Structures are given as C-alpha cells and as structure tokens.
Amino acid sequence: MIVNKLRDRREKKMNQTEKTEDWTQEGLAKRLGVTRQTIISMEKGTYNPSLVLAFKIAHQFGVAIEEIFEYRDDNDES
C-alpha cells in the first residue's frame, strides 16, 4: 500500500505563499501535466502515481519522494 502526504504538503504550501493558486489542485495538476482529478485521486489514496509522476511531484515540493510517498507492506502491523 502506498501512503501519501500530498494533500498535507499542498495545503502547507498554500498557507506559506501569497500565490495560493499555484498550490491548488488545479495549479499543481497544470504544472505536472495531469488532470485535477488525478490530484484528487492521489490525495484520496485511490490512485498511485507512476514513478515518473512521483519524482515530478517531489521535485515541485523540493523534497525526496519518501517525504511524500511511503510504501507499507500489507503484512506490516504498523
């Protein structure tokens, strides 16, 4: 299972900048070349991005992929 912190990161960026439209679902989607629905689905956890898209997202936030996406084995109890 992939757990992501995309929504938390995006909302934090919106609160830290005056240009909030850059960090809306639509703004992020445009910069990544995906639809707003893709961002919504990732935030809900119903869609896992490709590795390329995960790298693009991490690059937009200036962080490593692991700071946004985390893999958890379904057998893990944590």
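Since the structure is predicted, the reported quantities are computational estimates derived from the model, not experimental observations. Numbers given to residues run from 1 along each chain, matching the order in which its sequence is written. Local features are withheld for residues below a pLDDT of 70 in this predicted model, meaning they are given only at 70 or higher, and side-chain atom pairs are given and counted only at 80 or more; totals for whole chains, interfaces and linings count all residues. Side-chain metrics rest on all non-hydrogen atoms present in the structure, leaving aside hydrogens and water.

Visitor: Got a minute to help me understand the pattern of salt bridges in this structure?
Guide: Two side chains that carry opposite charge are able to pair once their charged atoms sit near each other. Whenever a carboxyl oxygen of Asp or Glu lies within 4 Å of a side-chain nitrogen of Lys or Arg, that contact is scored as a salt bridge. For the structure shown, the criterion picks out five salt bridges. The partner of R7 in a salt bridge is E43, with the nearest N and O atoms 3.7 Å apart. In this pair, R7 sits in helix α1 (residues 6-16) while E43 sits in helix α3 (residues 36-44), placing the two residues 36 residues apart along the sequence. Per-residue accessibility, obtained with a 1.4 Å probe over protein chains only, is compared with the maximum for each type, and a residue is labelled buried under 20%, exposed over 50%, and partly exposed between these values. Exposure remark for R7: the relative accessible area of 39% places this residue in the partly exposed category. Between E43 and R10 there is a salt bridge; the shortest N-O distance is 2.5 Å. You can see E43 sitting in helix α3 and its partner R10 sitting in helix α1, a full 33 residues away along the chain. The pair E43 / R10 is uniform in exposure class, with both members buried. Linked through salt bridges whose partners overlap, the residues forming this network are R7, R10, E11 and E43. Strands here mean DSSP runs of E at least two residues long; helices mean DSSP runs of H or I at least four residues long; both are numbered from the N terminus.

Visitor: Help me understand the side chain of E43, please; the structure alone is not making it clear to me.
Guide: Note on E43: relative accessible area 11%, which makes it buried. Within 3.5 Å is the distance limit for a polar contact, defined as a pair of N or O atoms, with the added protein rule that one can donate a hydrogen and the other accept it, and that residues adjacent in sequence qualify only through two side-chain atoms. Here the side chain of E43 touches Q25 through a polar contact of 2.9 Å, side chain to side chain. What E43 contacts, discounting residues up to four positions off in sequence, is N4, L6, R7, R10 and Q25. Contact between two residues is taken to exist if any of their heavy atoms lie within 4.5 Å; hydrogens are not considered.

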